[in-house]
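# Chains, contacts and geometry: an overview
The primary structure of each chain is shown beneath.
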Number of protein chains: 2
Amino acid sequence: MLPREFELIARHFAPLAGQGSLGLADDAAILAPPAGRDLVLTADATVEGVHFLASDPPDTVARKLLRVNLSDLAAMGATPLGYLLTVSVPRDTMPGWFALFAQGLAQDQEEFGLHLLGGDTTSTPGPKSLTATLIGHVAPGQALRREGARPGDGLWVTGTIGDAALGLQVLQGKREDPTGFLASRYRVPQPRLGLGLHGIASACMDISDGLLQDSMHLCRASNCALTVDFAAIPLSAAARAANDPAAILSGGDDYELLLSVPQANEPAFLAAAANVPVTRIGRFAHGKPDVTLANPPGAPFQANLSGWSHF
Amino acid sequence: MLPREFELIARHFAPLAGQGSLGLADDAAILAPPAGRDLVLTADATVEGVHFLASDPPDTVARKLLRVNLSDLAAMGATPLGYLLTVSVPRDTMPGWFALFAQGLAQDQEEFGLHLLGGDTTSTPGPKSLTATLIGHVAPGQALRREGARPGDGLWVTGTIGDAALGLQVLQGKREDPTGFLASRYRVPQPRLGLGLHGIASACMDISDGLLQDSMHLCRASNCALTVDFAAIPLSAAARAANDPAAILSGGDDYELLLSVPQANEPAFLAAAANVPVTRIGRFAHGKPDVTLANPPGAPFQANLSGWSHF
């Protein structure tokens, strides 16, 4: 009889394993890299009580874990391939939790065309602690970077901003959410993969720590100044009703793309992004790396560049 | 000014970052895979209080994290290349902890020829939770696997067995260790990289969950029976003095290699392993996957196949 740890792996995770995983039964996975491609690698940790709530359904916890990493691949213009997973959970975690968690992984594997390559399952005396390392690929030299924004380029975002931060407030009982839209934006972000922006966007990253803080990262990497027009930031109807500038500007967890696009490339950009809402919210300029907020919100919000910091 | 999270990364982790890491300043790393090689990928999680002790020095915590993963690469016959790291620690973790942790990473990067590619630093309300994803490479088709043992093959181990489990007892105050040897074996395992055993060993894995349990994994993967000679298991002087059969057979954390070697390949095996102590401790046979213990220890030990299971 297998020790229970290996039973859990065989039952819940082995069915998710694909080519190169060796059925999760060996010491490591073997991956023949796609010919003529560079690999793109990213790892994110999510901790219960920090990145997700104990009350979040296990399937959305799994999907968010994959999606925050997929969003990093999207920011680099990479195509996802596979992932490694570490799961550290309390000893008394029920088999039903593993079943639902694996169901969420399976759902997003199908949606994004990736498979499980390997990982580790351990106990912890603390909160659930989950990590994924995502592996994608890109044509050599065609990865999008943060450093390419130039004065005159527009600053664009995909989707709408602030929903996830408001969704967290909803799940903490601080806000109403009759349709469940805000909570779903917190629990299941939408990675913006496959836009094909090499040669069109001059810089790109995803928004995880708040729009202003991440905009400042683009400024630093590209050595440009930037003006962000608060009035131009795209909001969902629910976010507009919430009227919470701090959530929009510093809330984080958006996992939308933040891009710089040279004016000459705007037609190509709008064509490439035909299936995703995109909005120009600012413009880069000569100057020291710094973000100026145009049309700032009124008194309740103290405009600053701080977003989420773990420490 | 950078938020403190990014200051910590810039100060302690950016100096460890190598080619493809983009200075840890982008969303993901870019890796041009070595031409004509397969990649070997493994991820392990280590949790304070489970895999290491709160009293362990941060530099050995870092080195053990890398080494348990390097041991998986060694078991596949792979050459290490780089790694991604996730660090989830309490908000009040002191800068000195990060400095020593990074120092341990730097030391083993130098020793094993690898560099940091990327990762994530987050807070946790629980114990420190650290993961590494190691990336290595191997000639296509030349990875060692668990499934190749055949009846008649010898079972071999590198190094000595049981030291780490005894070292944990020492660090828990249950045992004396005048020289510090046992504690050092728990804190800093020795991955057995670079032996060049393709075409020589017929199967290989590393011992992490206990000699008997891991021997049973080899039996299952190779569909063979196996006899392990308890009297032949190589012991350090300290382990011999400790006289603790359970630590030797089921203790785990050895991170020595467990190999099957066809008799005809023994001269080549001994030549390849000239710089590492190796000992034959058993032999595979026709039969259902099962481990028989020859010359078992006396009454105090109930021989069984159980080793470490997290659940």
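The structure under discussion appears in the preceding block.
Let me begin by describing the structure that accompanies this report. (Residues numbered from 1 in each chain as written. Chains lettered and ligands numbered in written order. Predicted model: local features only at pLDDT ≥ 70, side-chain atom pairs only at ≥ 80, totals over all residues. Heavy atoms only, no water.)

### Observations regarding the side chain of Glu48(B)
As a reminder, the rule being used: Note on conventions: DSSP H or I runs of at least 4 residues are helices, E runs of at least 2 residues are strands, and numbering of each starts at the N terminus. Burial status follows relative accessibility: with a 1.4 Å probe on protein chains alone, a residue under 20% of its type maximum counts as buried, one over 50% as exposed, and anything between as partly exposed. When checking whether two residues touch, look at their non-hydrogen atoms; a contact exists if any pair is within 4.5 Å.
Residue position: Glu48(B) is located in the loop between β2 (38-47) and α2 (58-75). With relative accessibility at 18%, the residue Glu48(B) sits in the buried group. Apart from residues no more than four positions distant in its own chain, Glu48(B) is found in contact with Pro125(A), Leu53(B), Ala54(B), Pro127(B) and Lys128(B).

### Description of the interface of chain A and chain B
Many analyses report the size of an interface as the accessible area lost when the parts associate. The condition that has to hold: Here the quantity called buried area is the total loss of accessible area, with a 1.4 Å probe, experienced by two parts when brought into contact, counted for both. Definition used for salt bridges: Asp or Glu carboxyl oxygen within 4 Å of a side-chain nitrogen of Lys or Arg. Counting of polar contacts relies on pairs of N or O atoms within 3.5 Å, with two restrictions inside protein: one atom must be capable of donating a hydrogen and the other of accepting it, and residues adjacent in sequence are counted only when both atoms are side-chain atoms. Three classes are used: nonpolar for Ala, Val, Leu, Ile, Met, Phe, Trp, Tyr, Cys and Pro, charged for Asp, Glu, Lys and Arg, and polar for all others, with Gly counted as polar. At least two DSSP bridges between two strands are needed for those strands to be called paired.
Across the boundary between the two partners, chain A contributes 69 residues, which contact 69 residues of chain B. With both sides pooled, the region where chain A packs onto chain B buries about 5600 Å², and carbon together with sulfur makes up 59% of that total. Between the two partners, chain A and chain B, sit four salt bridges. Asp26(A) is the salt-bridge partner of Arg145(B), the closest N and O atoms lying 2.8 Å from each other. Where chain A touches chain B, the interface holds 20 residue pairs in polar contact (both at pLDDT 80 or more). No other element matches the nine residues that strand β2 (residues 38-47) of chain A contributes to the side of chain A that touches chain B. Grouping the amino acids of the side of chain A that touches chain B by side-chain chemistry returns 36 nonpolar, 17 polar and 16 charged. Inspection of the sheet shows β2(A) paired to strand β1 (residues 29-31) of chain B by three bridges, in the antiparallel sense. Bridging from a neighbouring strand, Val40(A) pairs with Ile30(B) of β1(B).

### As for the sheet that holds strand β7 (residues 203-206) of chain A
Residue and element names in this part refer to chain A. Inclusion rule: Only the stretch in contact is used when a helix axis is fitted, and all axes are lines through C-alpha atoms; the angle between N-to-C directions ranges over 0 to 180 degrees.
The six strands lie next to each other as β7-β9-β6-β10-β8-β11, forming an open sheet whose pairing is mixed. Across the chains shown, the open sheet's two edge strands, defined by having one partner strand only, are β7 and β11 (290-294). Strand-to-strand twist in this sheet, taken as the mean axis angle between neighbours without regard to direction, amounts to 25°. Bridge analysis of strand β8 (residues 225-229) against strand β10 (residues 278-285) gives four bridges, and the strand direction is antiparallel. Considered in β10, the bridge of valine 228 is made with glycine 282. Of the strands in this sheet, β7 and β9 (257-261) are in contact with helix α2 (residues 58-76), which crosses β7 at around 175°.

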